[in-house]
Amino acid sequence: MSTQTSTPALVPFERAIERYDPVLGLEVHVELSTATKMFCGCATAFGAEPNTQVCPVCLGLPGALPVVNAKAVESAIRIGLALNCEIAEWCRFARKNYFYPDMPKNFQTSQYDEPIAFDGYVDLDVEGETFRIEVERAHMEEDTGKSLHVGGATGRIHGADHSLLDYNRAGIPLIEIVTRTIEVPAEKAPAVARAYVQHLRDLMVALDVSDARMDQGSLRADVNLSLKPKGSATLGTRSETKNVNSFRSVERAVRFEVSRHAGVLDAGQSILQETRNFHEADGSTSPGRPKSDADDYRYFPEPDLAPVSPSREWVEELRGTLPEPPAERRKRLQSEWGFSDLDMRDTVGAGALELVVATVAAGATPAAAKKWWLGELARRANEAGVGLDELGVTPEQVAGVQALIDEGRVNDKLARQVLEGVLAGEGSPEEVVTARGLEVVSDDGALGAAVDAAIAANPDVAQKIRDGKVQAAGALIGAVMKEMRGQADAGRVRELILEKLA
Amino acid sequence: MSDPVRLKAAEIAEALGDGSLTSVDVTQAHLDRIADVDDRLGAFLHVDPEGALATAADVDARRAAGETLPTLAGVPVAVKDLINTVGQPTTAGSRILEGWVPPYDATVVTRLRAAGLPILGKTNLDEFAMGSSNEHSAYKPARNPWDTERIPGGSSGGSAAAVAGYEAPLALGTDTGGSIRQPGAMTGIVGVKPTYGGVSRYGVIAMASSLDQVGPMARSVLDAALLHEVLAGHDPRDSTSLDAPVPSVVDAARRGDVTGLRVGVVKELGGEGFQPGVQQRFDETVELLAQAGAEVVEVSCPSFEHGIAAYYLVMPSEVSSNLARFDAMRYGLRVTPDGPPASAEQVMAASRDAGFGDEVKRRIILGTYALSSGYYDAYYGSAQKVRTLVARDFAAAFEQVDVLVSPTTPTTAWRLGEKSDDPLAMYLEDVATIPANLAGVPGLSLPVGLASDTGLPVGVQVLAPALADDRLYNVGAALERLVDAPVLADIDAGAAR
Amino acid sequence: MSSAISREDVAHLASLARISLSEDELDRLGAELPAILDHVAAVQEAASADVPAMSHPVPIDNVFRDDVVRPGLTPDEALAGAPASEEQRFLVPQILGED
């Protein structure tokens, strides 16, 4: 057990950073969206039945041998280039030796002192300020299997009677991206950490190398943090916080660890070098595994795999396939769309950037696209508790609804009903309009009858209009709309009323 | 027709071709021989009469139907029990894999099946191929047909005993530090370690990945070449498999002409430490080569003296990692310690203690040490540098000569138990064979007669540059004719001419 | 470098290698390993700093596979050798370690 007799109180973040500066390091694992695993031809589909995507290689059966997935190497190089890294002229895989039941060979095939990409950086815009984060390395490795802990109350590892192992995930390619130490003004540290992880997510999506979904574990962040007293050059002992599975949690984990470290240090105790587990519910961390001399991974070059020496021609060819860097792209889009800084920040913040891009590509104006995604659709997504991209409506359909409005075929109210039909799976906007009969009526025959009826039913109002009180027409328009269940062309109705009562 | 089990593979192939024998006859004859003598030899851990006869019958039927078949179709073969076979257990000679039946074939087994060779069964070995005597088999020792009180060598001791004892005309071995060539020498047969990467390792239970290689064992150089040709060739499932044409080993084995060939005698592999009877036969062999028109020179390879030291660091290091997967979680022996419910870690540790033998544990611990933090550079790192030096010595030697020769082993076969208590003494037996594994070059051992001091078989080793395996067979075939070594009359019965 | 290796060192190595060696085995390996290490330590003198290390015996590189799915094992085949299984998964004793 720990020699610490009590858990010191947390020091509020704002007070902690008056006296300490956080030193951050971020390790991000990206699961590549290749069709097959890193070293074998097994499929990588998420959510498959247990042990249906396994073979002798990824089960670590006796005699099995790995063969490197070319696409994974290509993705690793593209990621490295997008992170402004050098690409190794020659590098090897290495075995990281340790025993764990979710790791079939009891070594992880990884890279050690020869990563495929190294010495890079990314520039982040955070609250109008630019921060450069230095990337130490990006290397290739393989994922582990998944354990299900059975028995005990919580389904967690402690108290479980036994565990059940599914190796579908074992061997899926991972790229681990490691920063150098990050030292930014203390109050900015949480936001910078979050922005960095968000930036990586955007980058992976733009590169089309990973789903990069923190909720599904295809992008995982470990937050390493230590504190040093202000003005001191001495680094403190660091903790490594794992299980941080949303952008917001990255920020919260930094804040919590700063508070916790400050509390421990203020109490005159020392920080243990350990892994910490982040808890989504209350934003706290709890002790994981202590680091010790026992962590002797006995790395050595993987004899079963040939070294990787990407030709400079290949590297340059891949450089040519890189997408526009996210920050530059955002600047370009903002200017093309004529968005204000606030518009742009709202759009990005709502996770609607790519959706707006696609909606504009399908024919809508940027303003209309933003109005839909940040308005009606954001409200519905919020109600349903899902992401905008999971709502069940495509950018093409949104653009289609907007086109109906622009053509005057539906009004705003009808448009929302069209959308409802689309969301209910009734087909394309055009099909919903037809099926539900939602198109506005601007045919004078049908409208004229309704207008006559409204005039007849409201003689007082009609008289006011005859007397020149044109604004009273509203009441009659309302009556016509009600009669026609909202499907009348309101502009034409007004014209007809004024003509008839001139 | 004489007893089919006395025929060489090439002779069987010919008899099958001209219809004087059927594969079922030949296969049954070998199965009968195994049933008769294997309790004395201990060469097999598993025999598969049904599977072997089914293949034999299929080959006979196809031949009768007029189909053109590969040369060795119908010629039975034994497979070292380190090589995965669907439908037959594969134990690696270890308790930890007792009863395990692989769900996939090794590539070399796929090739044997495609070429129509009936697989007689799985042969005995030192546990996970770790040993030079076959005494480290978890099941039983294999014995030398020349003298069943003696070891057949190892680790492919079962394959060697089976071929030498007329239980199989052909066998597959694996060679990490001499495990084909040394038992070949000890039992008076031909054994070849091909160029590293020449034969696929896929489905062969790894001992030391950067050293292991599968190769043929047979009673003639031509037989070995015929089997070599079946096994060799690029395999996309093995990243270290060479994508290069297979050297024309069969042609070379039929040629056997050393006129004008430059032959280097390795100065460091002979003399002191070598049994006089072994050295004498070797010297005679060199003399025969010179008489046959070869140009014989002495060559120095100074780094070879560090070969054993480098090998006993690189090999156990890779062993410690390769054998980590035997952990009782997914397959193999699971031992649950007594007492309160055990954790996965405790079950792993107890199973590995119970399932591995002493030699395996010794090497795992040694390898764990050599790789551990603080010792890596001094041990594993330095050993890898010695590999470079050994490879440079070979490169320099092959500038001067076409092939190198040495005795395969310092001694003839020793008695069971004679060296069991001294692991280091056992390790020193590998002095001549190890350099080829360190550098990846091919080596062949062939019998050159009996030692005058012990009356037991002596082997001579021929080494060639990487991918020049054909040179081994050319020299081997020439020597085979020149030496005309005596063959075994029968088990424990000594030589017949 | 001295090859001193104590019984405690062997015990530590055994725990890294996940083998629960008996007391007898610890004694024996503690006695055997120093002799073996004395012998293999010769590599330290043989290898000078400027010699490159050799991890692969033949110089090949860039051996890749196309990213194409190939059939693997069925769950039954995968689990056939398992000491225990449940719900199409490998059943293992309780795992100690991080949550």
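Everything quoted here is computed from the prediction, not taken from an experiment.

(A) Region of interest: the overall build of chain C. From N to C terminus, chain C includes four helices and three strands. Sequence-ordered secondary structure for chain C, helices as α and strands as β, is α-α-α-β-α-β-β. Its C-alpha radius of gyration of 22 Å places chain C more than 25% over the 13 Å reference for a compact globule of 99 residues. Once the C-alpha set of chain C is aligned to its principal axes, its extents read approximately 55 × 45 × 25 Å. Relative to its 99 residues, chain C shows a buried fraction of 44%.

(B) Local environment of the overall build of chain B. Broken down by element type, chain B carries 16 helices and 13 strands. On C-alpha atoms alone, chain B measures out to a radius of gyration of 21 Å, which is about the 23 Å that the 2.2 N^0.38 rule sets for 497 residues. The principal-axis extents of the C-alpha atoms in chain B amount to approximately 70 × 55 × 45 Å. Out of the 497 residues in chain B, the part that is buried amounts to 68%. Working note: accessible area of chain B is about 14,300 Å², and carbon and sulfur atoms make up 49% of it.

(C) Representation of the interface of chain A and chain B. Tallying the contact residues gives 31 residues for chain A and 38 residues for chain B. Both faces combined, the contact of chain A with chain B buries some 2,600 Å², and carbon together with sulfur accounts for 59% of it. Among the residues chain A hides against chain B, the three largest losses belong to Pro62, Leu65 and Arg298 of chain A. Together they make up 23% of the total. Our count for the contact surface shared by chain A and chain B stands at one salt bridge. Among the salt bridges present, the one from Asp304 of chain A reaches Arg201 of chain B, with a minimum N-O distance of 3.0 Å. Counting every contact that joins chain A to chain B gives 18 residue pairs in polar contact (both at pLDDT 80 or more). Of all elements in the fold, only β4 (94-97) and β15 (300-301) of chain A reach the threshold of two or more residues within the side of chain A that touches chain B. Looking at the side of chain A that touches chain B, its residues break down into 22 nonpolar, four polar and five charged.

(D) Structural detail: the environment of Asp343 of chain A. Assignment of secondary structure puts Asp343 of chain A in helix α7 (residues 341-349). Along the backbone, Asp343 of chain A and Ala35 of chain A are 308 residues apart, and their C-alpha atoms lie at a distance of 37 Å.

(E) Just the pattern of salt bridges, in detail. For the structure shown, the criterion picks out 71 salt bridges over all chains. Glu142 of chain A is the partner of Lys105 of chain A in a salt bridge, and the nearest nitrogen-oxygen pair spans 2.7 Å. Here Lys105 of chain A is found in the loop between β4 and β5 (107-110), whereas its partner Glu142 of chain A is found in strand β7 (residues 129-142), with 37 residues between them in sequence. The exposure class of Lys105 of chain A is buried, given its relative accessible area of 11%. One salt bridge in this structure joins Arg181 of chain B and Asp175 of chain B, with 2.9 Å as the shortest N-O distance.

(F) Layout of the sheet that holds strand β11 (residues 219-229) of chain A. Residue and element names in this part refer to chain A. Spatially, nine strands are ordered β3-β6-β7-β10-β1-β11-β12-β13-β14 in an open sheet, and the strand pairing comes out mixed. Two strands lie at the open edges of the sheet, namely β3 (86-87) and β14 (284-290), each paired on one side alone. When strand β13 (residues 274-279) meets β14, the two strands line up antiparallel, connected through five bridges. Bridging from a neighbouring strand, Asn277 pairs with Ser286 of β14.

(G) Region of the structure containing the interface of chain C and chain B. Chain C puts 56 residues into the contact, and the matching count from chain B is 62 residues. Applying the counting criterion to the chain C and chain B interface returns four salt bridges. A salt bridge links Arg362 of chain B to Glu32 of chain C; the nearest nitrogen and oxygen atoms lie 2.7 Å apart. On inspection of chain C and its partner chain B, the count reaches 14 residue pairs in polar contact (both at pLDDT 80 or more). Put simply, the parts of the chain that give the side of chain C that touches chain B at least two residues each are α1 (7-16), α2 (23-40), α3 (43-46) and β3 (89-93) of chain C. The element best represented in the side of chain C that touches chain B is α2 of chain C, accounting for ten residues.

(H) Focus on the sheet that holds strand β8 (residues 146-150) of chain A. If you trace the four strands from one edge of the open sheet to the other, you get β8(A)-β9(A)-β3(C)-β2(C), paired in antiparallel fashion. Strands with a single pairing partner mark the edges of an open sheet, and in this sheet they are β8 of chain A together with β2 (85-86) of chain C. Summarising the sheet, β2 of chain C and β3 of chain C pair through two bridges and their orientation is antiparallel. Across the sheet, Glu86 of chain C pairs through a bridge with Arg89 of chain C, a residue of β3 of chain C.

(I) Layout of the pairing of strand β11 (residues 457-463) of chain B. Residue and element names in this part refer to chain B. Extensive coverage of β11 is indicated by the burial of seven of its seven residues. The side-chain alternation of β11 yields two buried faces, one formed by Pro457, Gly459, Gln461 and Leu463 and the other by Val458, Val460 and Val462. Note: strand β9 (residues 403-407) against β11, four bridges, orientation antiparallel. Pairing of Val405 across the sheet is with Val462, part of β11. Across six bridges, strand β10 (residues 443-450) lies against β11 in antiparallel orientation. Across the sheet, the residue bridging to Gly443 is Leu463, located in β11. Counting the residues between successive antiparallel strands, the hairpin from β10 to β11 contains six residues, one of them, Gly455, with a positive phi of roughly 70°.

(J) A look at the state of the cysteines. Residue and element names in this part refer to chain A. Enumeration over the complete set of coordinates arrives at zero disulfides over all chains. Sulfur of Cys42: no disulfide; nearest cysteine sulfur belongs to Cys55 and is 3.6 Å away. Overall, the relative accessible area of 3% leaves Cys42 in the buried class. Residue classification places Cys55 among the buried residues on the basis of a relative accessible area of 8%.

(K) A look at the nonpolar core. Ile116, Ile177 and Tyr196 of chain A together with Leu112, Phe128, Leu172 and Tyr473 of chain B are the most contacted members of the largest nonpolar core, which totals 245 residues. Here the element with the most residues in this core is helix α3 (residues 189-207) of chain A; it accounts for eleven residues. With residues up to four places along the chain from it excluded, the contact list for Leu112 of chain B reads Val77, Val79, Leu117, Ile119, Leu172, Leu227, Val230 and Leu231 of chain B.

(L) Summary view of unusual backbone geometry. Residues and elements named next belong to chain B. Residue Ser155 is bonded to the preceding Gly154 through a cis peptide linkage, with omega at 5°. Structurally, the position occupied by Ser155 is in the loop between β3 (119-123) and α5 (157-164). For Tyr166, which is not glycine, the phi torsion reads 65° and is therefore positive. Within the secondary structure, Tyr166 is located in the loop between α5 and β4 (170-174). The backbone of Asp492 sits at a positive phi, close to 60°, despite the residue not being glycine.

(M) Here's a closer look at the environment of Asn474 of chain B. Residues and elements named next belong to chain B. In this structure, Asn474 sits in helix α16 (residues 469-483). Under the relative-accessibility criterion, Asn474 is labelled buried at 6%. Distance in space between the C-alpha atoms of Asn474 and Arg255 is 6.1 Å, their sequence separation being 219 residues. Every residue in contact with Asn474, bar those within four places of it in the chain, is listed here: Ala252, Arg255, Gly256 and Asp257.

(N) A look at the packing of helix α16 (residues 473-483) of chain A against helix α17 (residues 490-500) of chain A. All names here are of chain A. Contact geometry of α16 with α17 gives a least axis separation of 10 Å together with a crossing angle of 125°. Taken together, the axis directions place α16 and α17 in an arrangement best described as oblique. When you trace α16 past α17, the crossing you get is right-handed. Residues Ala473, Leu476, Ile477, Val480 and Met481 of α16 form the contact with α17, whose participating residues are Ala490, Val493, Arg494, Ile497 and Leu498. For the contact of α16 with α17, the per-class residue count stands at nine nonpolar, no polar and one charged.

(O) Representation of the packing of aromatic side chains. By the definition in use, this model includes 21 aromatic pairs over all chains. Each ring, one from Trp314 of chain A and one from Phe64 of chain C, has its centre 6.3 Å from the other, and the planes form 45°; the classification is tilted. Note that Trp314 of chain A is positioned in helix α5 (residues 312-319) and Phe64 of chain C in strand β1 (residues 64-65), a pairing that runs across two chains. Both rings, one in Phe304 of chain B and one in Phe394 of chain B, keep their centres 4.9 Å apart while their planes meet at 50°; by these two values the pair is tilted.

(P) Here's a closer look at helix α7 (residues 221-231) of chain B. All names here are of chain B. For α7, the buried fraction is high: ten of the eleven residues fall into the buried class. Residues of α7 that are buried include every one of Val221, Leu222, Asp223, Ala224, Ala225, Leu226, Leu227, His228, Val230 and Leu231, and no others. Gly233, located one to two residues past α7, shows a positive phi value of around 125°.

Here is what the cut-offs are and how they apply
- Residues numbered from 1 in each chain as written.
- Chains lettered and ligands numbered in written order.
- Predicted model: local features only at pLDDT ≥ 70, side-chain atom pairs only at ≥ 80, totals over all residues.
- Heavy atoms only, no water.
- Helix = DSSP H or I, 4+ residues; strand = E, 2+ residues; numbered from the N terminus.
- Rg over C-alpha atoms; globule rule 2.2 N^0.38 Å.
- Buried < 20%, exposed > 50% of the residue type's maximum accessible area, 1.4 Å probe, protein only.
- Areas by Shrake-Rupley, 256 points an atom, 1.4 Å probe, with all protein chains shown as cover.
- Contact = heavy atoms within 4.5 Å.
- Buried area = accessible area lost by both parts, 1.4 Å probe.
- Salt bridge = Lys/Arg side-chain N within 4 Å of Asp/Glu carboxyl O.
- Polar contact = N/O pair within 3.5 Å; in protein donor to acceptor, adjacent residues only side chain to side chain.
- Nonpolar A, V, L, I, M, F, W, Y, C, P; charged D, E, K, R; others polar.
- Pairing = 2+ DSSP bridges.
- Disulfide = S-S within 2.5 Å.
- Core = buried A, V, L, I, M, F, W, Y, C linked by side-chain atoms within 4.5 Å.
- Axes fitted to C-alpha atoms, helices over the stretch in contact; angles between N-to-C directions.
- Parallel < 35°, antiparallel > 145°, perpendicular 65-115°, else oblique.
- Left-handed = near helix turned anticlockwise from the far one by under 90°.
- Phe/Tyr/Trp six-rings, centres within 6.5 Å; stacked < 30°, edge-to-face > 60°.

Just geometry here; none of it tells us what the structure is for.
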